[in-house]
2 protein chains.
Amino acid sequence: MLLKMKVFGLTMDPFTNVPIVILKDDGEKNALPVWIGVLEASAIASELEKVQFSRPMTHDLLKDLIRLVGAKVEKIEVTDLKDNVYYATIHLTGSNGAFTIDSRPSDAIAIALRTGAPIFVESGVLDKSKSMDLKGEARDKNLKDEPSLDDFMPGDYGKYKM
Amino acid sequence: MLLKMKVFGLTMDPFTNVPIVILKDDGEKNALPVWIGVLEASAIASELEKVQFSRPMTHDLLKDLIRLVGAKVEKIEVTDLKDNVYYATIHLTGSNGAFTIDSRPSDAIAIALRTGAPIFVESGVLDKSKSMDLKGEARDKNLKDEPSLDDFMPGDYGKYKM
């Protein structure tokens, strides 16, 4: 089953200094941390903060290419978590119909943010990542202002590869 | 006038630790250093070294997208150097004919290497970057084995932005 999620924020693995993007569902009952690369984190952060660069960054180039070939990003899906590696698929439609591209979640999320495409996560991925009910805790700690990895995944750091 | 060039190697600005990709023409008479980002340098290096990753890196995603929409990269051009910023254009053909995308040279070069597209540089860019005759020096120092910024641009470091 696919669950619609959104980018809740970015944080840093305190042990490995690897960036983590946090996805949450609309009710904020489920959180999915995804360990990602520094550049991909920068590509996500710059879009969240609406930073304007004088030159197109790599994910802007991807967006421009998609637009110029007349294609559209319909959705992205985080499809699997296997051997500590996350998998995602970008779903597009072009002049010849629908097609998909295999992607890392970080690139897929950076593209989703730039194109307004929805983000879905296969529920099995959430199970595998040991998601937990954060609702009460989140309200108490006001996580929306300052998300920290401690608030999401206590004692469960550094398990995942980029 | 456009000059056909190739990727000669990667090196590091010793003062700023910013990666530099060195382009050279076939006769190795002209060299163009381009200051680039760390990730783009990694994308260029991994293709030069034919490193295989288990998951597609961002520039592989670009390549896959170009292939899946039935487009082809015809060439890339480094078109200008203005206020210490390099400009490039990616030339493609798709089902609706030819089109171009504005790009940083680093992304354009990373794509050229992955698609086998030729790299051209506007001669004015070479003039502006103060290219020099490296032919004799290069042979003496066996630069092809271990290129170093000292061999290319003595006393001329750190002038350019990414």
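Summary of the structure given here. Just so it is clear, the model here is predicted, and its values are computed rather than measured.

## So, the relation of the copies chain B and chain A
Here is step 1: The two copies are related by a screw motion: chain B maps onto chain A through a turn of 180° and a shift of 0.0 Å along the axis, at an RMSD of 0.0 Å. A rotation of that kind, with that shift, is consistent with a two-fold axis.

## As for the sheet that holds strand 6 (residues 97-103) of chain A
Sheet strands associate in pairs through backbone hydrogen bonding, adopting either a parallel or an antiparallel arrangement.
All names here are of chain A.
Here is step 1: Across the sheet, seven strands lie side by side as 3-2-1-7-4-5-6; this open sheet has mixed pairing. With partners counted over all chains shown, the strands left at the sheet margins are strand 3 (31-35) and strand 6, one partner each. Mean inter-strand twist for the sheet, computed between neighbouring axes without regard to direction, equals 35°.
Here is step 2: Strand direction decides the pairing type here: strand 4 (residues 72-82) and strand 5 (residues 85-94), joined by nine bridges, are antiparallel. Bridging from a neighbouring strand, Lys 75 pairs with His 91 of strand 5.

## With respect to the sheet that holds strand 1 (residues 2-12) of chain B
Residues and elements named next belong to chain B.
Here is step 1: Strand order in this open sheet of seven strands is 3-2-1-7-4-5-6, and the pairing throughout is mixed. The open sheet has two free edges, formed respectively by strand 3 (31-35) and strand 6 (97-103), since each of these has just one partner strand. Neighbour to neighbour, the strand axes of the sheet diverge by 35° on average, direction disregarded.
Here is step 2: Its contacts with the sheet put helix 1 (residues 38-48) on strand 1 and strand 2 (19-25), and the angle it makes with strand 1 is roughly 105°.

## Describing the interface of chain B and chain A
The extent of an interface is frequently quoted as the accessible surface area lost upon association of the parts.
Here is step 1: The interface of chain B with chain A comprises 29 residues on the first partner and 29 residues on the second.
Here is step 2: For the pair chain B and chain A, the summed buried area comes to about 2500 Å², and 71% of that belongs to carbon and sulfur atoms.
Here is step 3: Of all residues in chain B, Arg 55, Leu 61 and Leu 65 of chain B bury the most surface against chain A, accounting for 28% of the area lost on that side.
Here is step 4: There are two salt bridges connecting chain B and chain A.
Here is step 5: Asp 102 of chain A is paired through a salt bridge with Arg 55 of chain B; the nearest N and O atoms lie 2.8 Å apart.
Here is step 6: Run the count over chain B and chain A and you get 12 residue pairs in polar contact (both at pLDDT 80 or more).
Here is step 7: Broken down by element, the side of chain B that touches chain A gets its largest block of residues, eight residues, from helix 2 (residues 58-68) of chain B.
Here is step 8: Partitioning the side of chain B that touches chain A into residue classes produces 18 nonpolar, five polar and six charged.

What counts, and where the lines are drawn
- Residues numbered from 1 in each chain as written.
- Chains lettered and ligands numbered in written order.
- Predicted model: local features only at pLDDT ≥ 70, side-chain atom pairs only at ≥ 80, totals over all residues.
- Heavy atoms only, no water.
- Least-squares fit on C-alpha atoms with pLDDT ≥ 70 in both.
- Pairing = 2+ DSSP bridges.
- Helix = DSSP H or I, 4+ residues; strand = E, 2+ residues; numbered from the N terminus.
- Axes fitted to C-alpha atoms, helices over the stretch in contact; angles between N-to-C directions.
- Contact = heavy atoms within 4.5 Å.
- Buried area = accessible area lost by both parts, 1.4 Å probe.
- Salt bridge = Lys/Arg side-chain N within 4 Å of Asp/Glu carboxyl O.
- Polar contact = N/O pair within 3.5 Å; in protein donor to acceptor, adjacent residues only side chain to side chain.
- Nonpolar A, V, L, I, M, F, W, Y, C, P; charged D, E, K, R; others polar.

Function-wise, these values are silent; they only describe arrangement.
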